[in-house]
Every structure is written in C-alpha cells, then in structure tokens.
Amino acid sequence: MTTDTAEPARATVLVTGASRGLGAAMVKAFAARGYHVIAAMRRPSEAALAAGTRVVPLDVDDPRSIEALATSLAGEPVDILVNNAAIRGDTGGLSTLDPEDFLAVMRVNALAPLLLARALHANLKAGRLKKIIHISSRAGSLAEGTLDDDEGDYAYRCSKAALNMAGVKLAQDFRRDGITVLALHPGWVKTDMGGAEAPLDTKDSVAGLITRIEEAGPADSGRFLRFDGRPIAW
Ligand SMILES: NC(=O)c1ccc[n+]([C@@H]2O[C@H](COP(=O)([O-])OP(=O)(O)OC[C@H]3O[C@@H](n4cnc5c(N)ncnc54)[C@H](OP(=O)(O)O)[C@@H]3O)[C@@H](O)[C@H]2O)c1
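Rules of the game
- Residues numbered from 1 in each chain as written.
- Predicted model: local features only at pLDDT ≥ 70, side-chain atom pairs only at ≥ 80, totals over all residues.
- Near = placed C-beta within 6 Å.
- Nonpolar A, V, L, I, M, F, W, Y, C, P; charged D, E, K, R; others polar.
- Helix = DSSP H or I, 4+ residues; strand = E, 2+ residues; numbered from the N terminus.
- Expected span 1.5 Å × (residues − 1).
- Buried ≥ 20, exposed ≤ 12 C-beta atoms within 10 Å, placed from the backbone.
- Contact = placed C-beta atoms within 7 Å.
- Pairing = 2+ DSSP bridges.
- Axes fitted to C-alpha atoms, helices over the stretch in contact; angles between N-to-C directions.
- Parallel < 35°, antiparallel > 145°, perpendicular 65-115°, else oblique.
- Left-handed = near helix turned anticlockwise from the far one by under 90°.

A. Just the site of the ligand, in detail. Around the ligand there are 29 residues in total, and Gly17, Gly21, Ala86, Thr191 and Gly194 lie nearest to it. A per-class count over the shell around the ligand returns 14 nonpolar, 9 polar and 6 charged.

B. Looking closely at helix 6 (residues 154-174). The end-to-end C-alpha separation of helix 6 is 30 Å, in line with the 30 Å expected for 21 residues at 1.5 Å each. Taken as a whole, helix 6 has its buried residues at Ala155, Tyr156, Arg157, Ser159, Lys160, Ala161, Leu163, Asn164, Ala166, Gly167, Leu170 and Ala171. Summarising the contacts, the buried residues of helix 6 are in contact with helix 4 (99-119), strand 5 (131-135), strand 6 (180-185) and strand 7 (223-226).

C. Molecular detail of the pairing of strand 4 (residues 80-83). What you see with strand 4 is no split at all: Ile80 and Val82 on one side and Leu81 and Asn83 on the other are buried throughout. Bridging between strand 1 (residues 12-16) and strand 4 involves 3 bridges; their strand directions are parallel. Within strand 4, the residue paired with Leu14 across the bridge is Leu81. Both strand 4 and strand 5 contribute to a ladder of 4 bridges, which runs parallel. Following the sheet pairing, Asn83 is matched in strand 5 by His134.

D. Structural context of the sheet that holds strand 1. The 7 strands are arranged 3-2-1-4-5-6-7 in an open sheet whose pairing can be described as parallel. Each edge of the open sheet carries a strand with a single partner, namely strand 3 (54-57) and strand 7. With strand direction ignored, the average angle separating the axes of adjacent strands in the sheet is 20°. The pairing of strand 5 with strand 6 spans 5 bridges and is classified as parallel.

E. Layout of the packing of helix 4 against helix 6. Between helix 4 and helix 6, the shortest axis-to-axis distance is 8 Å and the interhelical angle comes to 15°. Considered as vectors, helix 4 and helix 6 are oriented roughly parallel to each other. Helix-helix and strand crossings are classified by hand; for helix 4 and helix 6 the assignment is right-handed. Contacts between helix 4 and helix 6 involve Asp101, Phe102, Val105, Met106, Asn109, Ala110, Pro113, Leu114 and Ala117 from the former and Tyr154, Ala155, Tyr156, Cys158, Ser159, Lys160, Ala162, Leu163, Ala166 and Leu170 from the latter. Residues that form the contact of helix 4 with helix 6 fall into these classes: 15 nonpolar, 2 polar and 2 charged.

As structure tokens, this is what we get:
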C-alpha cells in the first residue's frame, strides 16, 4: 500500500559536495527526515555522515567521474538531485583575475551541474519526485548580486549567473519529463566558504532549503528563491 505520507521517507536524494558545509548539513537533515541519501564527495569518508547514508565518490570537476557515478547508479531511480558542490575561486577582483582560476570555477559551479543533469537524466525520470535543485547564490543575480556586497568574486558571480541560466534552460528542456528545476540561495551561511562572520548557521539555512525543496512542484520550475522562500530577481 502506498500513502502520501510514506512517500518522502522512501525518496532518494543525491547531494554533491557532501563532505562539509551546507552539503554535509543537508545530508544529515535529509537522512534525519527518512530519505535514502546518496552523499557524493571527492574523498569519500563515512565518519562524519549520518547512519544509513550511502557515500559515493564524485569529483564534479572531472567529467569521467560524473560518468562513472552515472554508470554506478544505472537503473536506480533518483528522486532529487542537489547540485551543491562549488568553489569560490579568487576573490580579489579584476586586478588578480586569473584565466585558469576563472575557468576552474566555471567548470565546477556551472558546467558540472549540467553534466550531472544529463548523466542522471534517466535516473531522475525514473524517480517519483523528479527534482533538480541548484544551490546557487544571490551573488549571481544580475539584478541583486551587487546590491549589498562589493567583493570582487568575478569568477564566482559569473559562474552562478551561468548556473542560473543553465537551470532555466534545463527547466524548459525537462518540463516534458515532469522534472522540476529550482535555483536556491542558501543565505549567507557560516561555512568554510561563507566565513565565521556569516549570520546564518547551516542548520537554519538547511531547514529552509529542505522546506523549499519539498514544497517545489512543476509550477515552480525555473524559479530562483531564497532559503526562506522569498523570490530573487534574475
Ligand atoms: N556559505 C555561504 O554563505 C553561501 C552563500 C551563497 C551560496 N552558497 C552556495 O552553497 C553551496 C555550498 O557552499 P558551502 O558554503 O557549503 O561551501 P564549502 O563549505 O566551501 O563546501 C563546498 C563543498 O563543495 C565541494 N566541492 C568543491 N569542489 C568539488 C569538486 N571538484 N568535486 C566535488 N565536490 C567539490 C567541497 O568538497 P571538498 O571537501 O572535497 O573540498 C565541499 O564539500 C555552494 O554551491 C555555494 O556556492 C554558499
């Protein structure tokens, strides 16, 4: 017998960048809510992860690693793919912008989520919930990204702006498969990337992110929201 209340408990969620920060916190929170969690990280370590979590190797900067993950998951439904892994790159601004650093940030933050969406498309189609979540950043919003933050971050901002367009385009392409694609801004959060002075704890950000992820349906596909549900202008 199936019931609506039983559905989330049996859903499978795959989180990239699960070794620390928001990714690790999402893994713990999803596992605590009864999800089957696949925690993808480049250096698998089960120590820090909740019981019942499956750890898989994934370096999102390596297309062969993405293909190897897809091969290892062949035939398995994935309900939710959370593209969370990211790097910030050089924050110095235009004067220190380095082409290799810029391209590395673009590969990890913008290209990898597209390659993962393609590699796991069949798994997502086979899942019941059918959601791709991009952990983006308000820093990548053309309309809002520079309003209250004047740090350099050229590569990071450009990569998240590119990720945002990738999400909108995926939402268009995958609508026929019933796959919802959503971009979420986690807020400014205390992690290695966010720094100690950030106002939000991972727990509070992740609680909001998971609410947004669980609420999201086809009508939300192609939207960009903060962790607290407020929309962000592109
Ligand atoms: N913290 C904030 O204030 C904030 C604000 C806006 C948006 N975000 C976004 O939120 C997400 C999580 O950020 P965070 O603050 O948790 O960052 P973080 O603490 O720096 O963690 C980044 C995660 O990404 C992983 N990662 C980096 N490169 C990878 C690769 N090539 N392959 C696989 N994993 C890789 C890291 O793994 P390793 O341990 O292997 O390095 C780590 O697990 C990111 O998308 C970020 O852009 C964060």
